[in-house]
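# Understanding the architecture of this molecule
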Amino acid sequence: MSNENEQTPVTIATIQKLVETMRIVGHYDAAKSQIDQATYLWFHKDHPNVVSDETSIHTLAVAVQGILWAYAHDSRQNPPEWLRQSRATPNTPN
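Now for a quick tour of the structure. As the structure is a prediction and not an experimental result, all values here were calculated from the model. (Residues numbered from 1 in each chain as written. Predicted model: local features only at pLDDT ≥ 70, side-chain atom pairs only at ≥ 80, totals over all residues. Heavy atoms only, no water.)

Before going further, it helps to spend a moment on the overall build of the protein chain. For the protein chain, the count of helices and strands is four helices and zero strands. If you list the helices and strands of the protein chain from N to C, you get α-α-α-α. The buried share of the protein chain, reckoned over its 94 residues, is 13%. For the protein chain, the share of sequence-separated contacts (at least 6 apart) that also reach a separation of at least 24 residues comes to 32%. A total of about 8400 Å² of accessible surface is found on the protein chain, and carbon and sulfur atoms cover 56% of it. (Helix = DSSP H or I, 4+ residues; strand = E, 2+ residues; numbered from the N terminus. Buried < 20%, exposed > 50% of the residue type's maximum accessible area, 1.4 Å probe, protein only. Contact = heavy atoms within 4.5 Å. Areas by Shrake-Rupley, 256 points an atom, 1.4 Å probe, with all protein chains shown as cover.)

The next point concerns the environment of Gly-26. For Gly-26, the location among the structural elements is in the loop between helix 1 (12-21) and helix 2 (27-43). Placed 45 residues apart in sequence, Gly-26 and Tyr-71 show a C-alpha to C-alpha distance of 9.4 Å.

Right, let's talk about a nonpolar patch on the surface for a bit. Together, Val-10, Ile-15, Val-19 and Met-22 give the surface a local cluster of nonpolar side chains, amounting to about 420 Å² of exposed area. Examined against the element boundaries, Met-22 turns out to sit in the loop between helix 1 and helix 2. A relative accessible area of 62% places Met-22 in the exposed class. (Patch = residues over 30% accessible without salt bridge, like charges linked within 9 Å, V, L, I, M, F, W, Y side chains within 5 Å. Salt bridge = Lys/Arg side-chain N within 4 Å of Asp/Glu carboxyl O.)

Right, let's get into the packing of helix 2 against helix 3 (residues 54-74). Here helix 2 crosses helix 3 at 160°, and the two axes come no closer than 9 Å. By the criterion of interaxial angle, the relationship of helix 2 to helix 3 is roughly antiparallel. As helix 2 runs across helix 3, the sense of the crossing is left-handed. Facing His-27, Ala-30, Ala-31, Gln-34, Ile-35, Gln-37, Ala-38, Leu-41 and Trp-42 of helix 2, the residues of helix 3 in contact are Ile-57, Leu-60, Ala-61, Ala-63, Val-64, Ile-67, Ala-70, Tyr-71 and Asp-74. Of the residues contributing to the contact of helix 2 with helix 3, the split by class is 14 nonpolar, three polar and one charged. (Axes fitted to C-alpha atoms, helices over the stretch in contact; angles between N-to-C directions. Parallel < 35°, antiparallel > 145°, perpendicular 65-115°, else oblique. Left-handed = near helix turned anticlockwise from the far one by under 90°. Nonpolar A, V, L, I, M, F, W, Y, C, P; charged D, E, K, R; others polar.)

Encoded structure:
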């Protein structure tokens with residue numbers, strides 16, 4: 001019987017296998033994936049088989065905001081006005 005607290009030793013082969021499965025995701029793909037997931041969670045948050053909460057949805061949406069901000073910065077573009085406004089507006093508790 002194995003102990004649940006036992007850790008499998010990390011080997012070079014394990015690390016190589018993990019690295020091989022990694023892929024580089026661009027700004028667009030990352031933002032699209034995260035906003036799609038946030039939208040899905042928002043519209044399915046009351047479904048009994050979907051684990052979702054407002055904090056998770058907000059975190060994904062803010063991550064998209066950060067990606068768009070970084071993309072604008074990296075491409076030397078001015079961010080859209082709505083994005084600049086969202087950065088300037090502090091989060092206030094309800």
